[in-house]
Structures are given as C-alpha cells and as structure tokens.
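Secondary and tertiary structure notes
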Amino acid sequence: MQCPESLRVQAYFDAELDAVSAADVERHIEHCPDCRALLKDLEQMRAVLRRDSDYARAAPALRAKIMQALDQEGATETPAAHETPVPPGMALPQGRPWPRERGSQRRPRSFWMGALGGAGGTAIAATLAFLLLVPRLTNPLLDELVSAHVRSLMPAHLIDVVSTDKHTVKPWFAGHTDVSPVVADFEAQGYRLIGGRADYLDHQRSAVVVYQHGAHVINVFSWAGNERALPVNATRSGYHLAFWREGDLDYCAVSDTGWDELLGLVRLLRVAGSGDPAISREN
C-alpha cells in the first residue's frame, strides 16, 4: 500500500513546498523506506532524462532556409519614396548614388548583425547586466529569516519547548536540531528567555532561542556556518535582522523592536558565547 505522504514527497522533489513542509517531509523520509525509495527513483529518473534526452534539432536544409529568410528580411531597403531627394541644380557624382536616409541600407546585411547592433545591442547588454546584478541585490536568506519570524508569531508556532531555564532549553535542541546554540537568560537586563523551537533554515534544521523584550518577541536563529560571508545587518518588511558568527555557528536576531534594543541582546549573547565551550555543531 502506497504511503499517504508520497504526494508530498513528489512535491518536495519538485521544490514546491515551503521550508516548514520540506523539513517535515525530510524527517518523514528518514523513517519511511517507501518514501525514501520513491525519492531515490525520482532523482534517478531526472538524471537519466538529463543525460540521455536529445533536443530536437532542425534539419540543416530547413535551418539554412530560415536563416536566409531572416537575412533577406533584414536586408530590405527603404522604398524609393523615402529616399533623400536631389536638390535642384545639383548633380550626383559620376557612378555614385545619392545617399539614402538614415535607416536604409545599400547592401544586404544579416538580420542578426542588425539585431546585435545599435539599440538591439544596448537592450541585450542591459538585460545581461540586469541578470548579473539581480542575484547580488537580493539575498534569499533574509527572506527565509523574515518568513520564519513572521510564521512563528502565528498562534501555537512560537515555541516548542516552553521554559525560562537555560538548562531545560539547551538540552532540548539535541536531537531536534543540527546545532547547539548559546542559551542564556538575561531577564535582569530586560531580555527574558521564554523558550526555544526547531526551524528549517539554509537547508538544515536550525535552532531558535526565543526572548521577550517588553511587548516584542526576539527570535535568535542559529545554524551551521560555512565559508560564505554573512549578510550585513538589514531591515526587511519592518523587521530588523542582526547577524554575527560565533565559532562554527551563524546567528541572526530578528525582531520589530528598536535597533538599540536588538543590538543590546546581540552584545549579551556574544559575551555569553565567548565563554561557552559547548557552542558547536551537533554531530
């Protein structure tokens, strides 16, 4: 009998699931041999299709005919009615026609030569520049963090383990996430530890330590770092994101509280982290 989760596995394979659903499917696959086999079959099928499928190519004769028609279209001359008239009393030089208006052509020119020149070349250059610059102007990690923060503010999504005791919250992350982050209570400084939860971020199970500062919730995300540079502190959709790195973990505190208040918690966490030998990626 087929597993009821098989349809979600196919959606996961096609990258159609959000981060939370994708994490659920990955956890399910770890314990379901049928879905694990289904995912493997889909991956093998995609590899075979990419390796063995041939693109349909036009026959050489048809291709030559199309290119000739395009060249002839590009070589069409401006009608005689649009040619520059010869001023009265002025004779043309022997053997040389009077120059035509700009835009007409004296000899056939390839359609593609025209497309790549002038305004066409400018448009193509602008398009290439846009495609090259857009990835640098956007960062999907910021969007993931803001989405995860907003999602957590929905009812029953904020906390998986409810506790103000760091000795309860920190051990809970073992087995639930891929990392063991800094966990400390700074209630005396105005940042009350209220719990933690697991989330899915940057293709891994991340840990989130949750603090409350006045009426504001602050989510402190942590995930296994890599060699990529962290984004600079930013503001997205009214939420501030403060990044830092401690050991082999990357951190980001997200909240709609003020920058001063958010960075105050970051400073406290960095001081606590510098003296915590247990900060590391879970093996």
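Now for a quick tour of the structure.

**Considering the environment of Val179**
With respect to the secondary-structure elements, Val179 resides in strand β2 (residues 179–180). Separated by 46 residues in sequence, Val179 and Gly225 place their C-alpha atoms 10.0 Å apart.

**So, the pattern of salt bridges**
Using the criterion set out here, one finds eight salt bridges in the structure. Here Arg8 makes a salt bridge to Glu5, at a shortest N to O gap of 2.8 Å. For the salt bridge of Asp250 with Arg245, the shortest nitrogen-to-oxygen distance reads 2.5 Å. On the basis of relative accessibility, which here comes to 2%, the residue Asp250 falls in the buried class.

**A look at the nonpolar core**
In this structure, Tyr211, Ile218, Val220, Leu265 and Leu269 are the most contacted members of the largest nonpolar core, which totals 26 residues. Elements that contribute at least two residues to this core include exactly α8 (166–173), β4 (204–213), β5 (216–224), β7 (239–246), β8 (249–255) and α9 (259–274). The element best represented in this core is α9, accounting for four residues. Beyond its immediate chain neighbours, meaning those up to four positions away, Leu269 contacts Val182, Phe186, Tyr211, Val220 and Trp244. Of all hydrophobic cores here, the second largest spans 19 residues; its members include Phe221, Ala234, Phe243 and Cys252.

**Description of the sheet that holds β8**
Taken in spatial order, the seven strands line up as β1-β3-β4-β5-β8-β7-β6 in an open sheet, and their pairing is antiparallel. The sheet terminates laterally at β1 (161–162) and β6 (234–236), the two strands that pair on one side only. In this sheet, β5 lies alongside β4 in antiparallel orientation, the contact comprising seven bridges. Bridged to His213 within β5 is His216. Along the sheet face, helix α7 (residues 140–152) touches β3 (192–201), β5, β6, β7 and β8 and points at about 115° away from the line of β7.

The rules behind the values
Residues take numbers from 1 onward in each chain, read along the sequence in its written order. Confidence filtering applies because this is a predicted model: local features only for residues at pLDDT of at least 70, side-chain atom pairs given and counted only at 80 or more, and all residues used for totals across whole chains, interfaces and linings. By convention in this description, side-chain values take in all heavy atoms of the structure and omit both hydrogens and water. Strands are runs of DSSP state E lasting at least two residues, helices are runs of H or I lasting at least four, and both sets are numbered from the N terminus onward. Put simply, a salt bridge is a Lys or Arg side-chain nitrogen that is within 4 Å of an Asp or Glu carboxyl oxygen. Note on exposure labels: buried denotes an accessible area under 20% of the residue type's maximum, exposed denotes more than 50%, and partly exposed covers the range between, all computed with a 1.4 Å probe on protein chains only. In these notes, a set of buried Ala, Val, Leu, Ile, Met, Phe, Trp, Tyr and Cys residues joined through side-chain atoms within 4.5 Å is what counts as a nonpolar core. In this analysis, two residues are considered to be in contact whenever any of their non-hydrogen atoms come within 4.5 Å of each other. Following DSSP output, two strands are said to pair if at least two bridges run between them. To get an axis, fit a line to the C-alpha atoms, keeping to the stretch in contact for a helix; angles then go from 0 to 180 degrees between the N-to-C directions.

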